[in-house]
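Descriptive structure summary
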Amino acid sequence: MTENFATILDRLCARPRGRDPFTNTELARLIVRRGGEITDGYISHLRKGHRDNPTLQTIEDLAAALDVCPAVFVGGRPERLGPERPRLSFTGKLRHLFAAIHPPHRGPYTPEEAAATITSGGRFGSISSSYIRELLNPAPGTQPNPRLRHILALADFFGLSDGHGPQAAYFLDDRLAEVIDAELAGFIALRDAGVMEFAARLARHASDWTPELRRQAVHAVTEAVETGETTWVFGNGGVSG
């Protein structure tokens with residue numbers, strides 16, 4: 001995300017498509033008429049950067065009133081396509097990341113591991129393991145409502161990045177999530193075939209290998225992908241899968 005939330009919101013209010021600029025009062029009234037809860041004072045604080053950690057519901061409400069995709073606030077797609085309600089899909093996406101992204105030969109990360117890593121990093125503040133569990137298993141009849149920093153932190157923990165920072169748009173854009181999930185499916189297939197472990201070992205050993213050993217390594221990767229073989233053997237005589 002190259003721009004902060006305040007800069008993006010202020011621009012969207014000052015230069016909306018097809019109408020005059022929004023005042024804070026007009027925007028607040030529109031959100032309230034749509035069933036949301038927000039004040040013009042809070043919008044003012046958000047636009048000025050005095051408050052910078054809105055909830056997912058607030059992001060949804062602002063996006064709907066401004067006729068943009070919620071992901072635009074984290075550097076994602078600006079065009080609005082349909083209702084765009086990320087709260088409804090947040091838990092499913094988070095569960096999928098926990099199930100899909102973890103090192104080879106171990107189970108998924110626990111909420112305790114995620115919370116400890118995020119909190120110790122300090123970049124996005126702290127988060128508790130109990131709160132992550134609530135996001136994964138919201139009470140019946142409720143939807144999760146994480147704040148922006150927690151959304152960014154979880155995207156960062158799972159390595160979702162666009163080269164500038166956490167790709168939190170995954171949580172705010174269902175179409176982007178479909179693309180990322182398809183890429184994850186390929187990653188999972190490689191990991192389960194043992195290719196990810198092989199690549200790590202390759203990085204440790206390859207500098208001392210002859211061209212023939214490197215050729216064997218490429219052959220081993222190709223064979224593993226084609227056959228699903230998961231046992232890698234490193235030795236002085238070569239590499240086999």
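Just above, that's the structure.
Since the structure is predicted, the reported quantities are computational estimates derived from the model, not experimental observations.

Right, let's talk about the packing of aromatic side chains for a bit. Counted according to the given criterion, the structure contains 6 aromatic pairs. Relative to Phe158, the ring of Phe98 lies with its centre 4.9 Å away and its plane at 80 degrees, an arrangement referred to as edge-to-face. Of this pair, Phe98 sits in helix H5 (residues 87–100) while Phe158 sits in the loop between helix H8 (148–157) and helix H9 (169–172); the two residues are 60 residues apart in sequence, bridging distant segments of the chain. With centroids separated by 4.9 Å and ring planes inclined at 80 degrees, the aromatic side chains of Phe157 and Phe158 adopt a geometry described as edge-to-face. Phe158 matches Phe157 in its accessibility class, with the two residues each being buried. One aromatic cluster is present, formed by Phe98, Tyr109, Phe157 and Phe158 through successive ring pairs. Geometry around Phe22 places Arg19 over its ring, the cationic atom sitting 3.8 Å from the centre.

Attention now moves to the environment of Pro144. Along the chain, Pro144 turns up in the loop between helix H7 (129–136) and H8. Between the C-alpha atom of Pro144 and that of Leu56, which follows or precedes it by 88 residues, the distance is 8.3 Å. Setting aside chain neighbours within four positions, we find Pro144 in contact with Leu56, Arg87, Phe90, Thr91, Leu135 and Pro138.

Topologically, Arg77 is positioned in the loop between helix H4 (56–66) and H5. Overall, Arg77 belongs to the buried group, its relative accessible area being 16%. Engagement of the side chain of Arg77 in a polar contact is seen with the side chain of Asp173, the distance being 2.8 Å. With residues near it in sequence (within four places) discarded, Arg77 still touches Cys69, Ala71, Val72, Glu84, Asp173 and Arg175.

A few words on the pattern of salt bridges. Taken as a whole and assessed by the stated rule, the structure comprises 11 salt bridges. For Arg47, the salt bridge is made with Asp10, and the minimal N-O distance between the two is 2.8 Å. Here Arg47, found in helix H3 (residues 40–48), pairs with Asp10, found in helix H1 (residues 5–14); they are 37 residues apart in sequence, far enough to count as distant. Taking the relative accessible area as the measure of exposure, Arg47 reaches 18% and is therefore buried. Since its relative accessible area comes to 32%, Asp10 is described here as partly exposed.

So, how was this worked out
- Residues numbered from 1 in each chain as written.
- Predicted model: local features only at pLDDT ≥ 70, side-chain atom pairs only at ≥ 80, totals over all residues.
- Heavy atoms only, no water.
- Phe/Tyr/Trp six-rings, centres within 6.5 Å; stacked < 30°, edge-to-face > 60°.
- Helix = DSSP H or I, 4+ residues; strand = E, 2+ residues; numbered from the N terminus.
- Buried < 20%, exposed > 50% of the residue type's maximum accessible area, 1.4 Å probe, protein only.
- Lys NZ or Arg CZ within 6 Å of the ring centre and 35° of its normal.
- Contact = heavy atoms within 4.5 Å.
- Polar contact = N/O pair within 3.5 Å; in protein donor to acceptor, adjacent residues only side chain to side chain.
- Salt bridge = Lys/Arg side-chain N within 4 Å of Asp/Glu carboxyl O.

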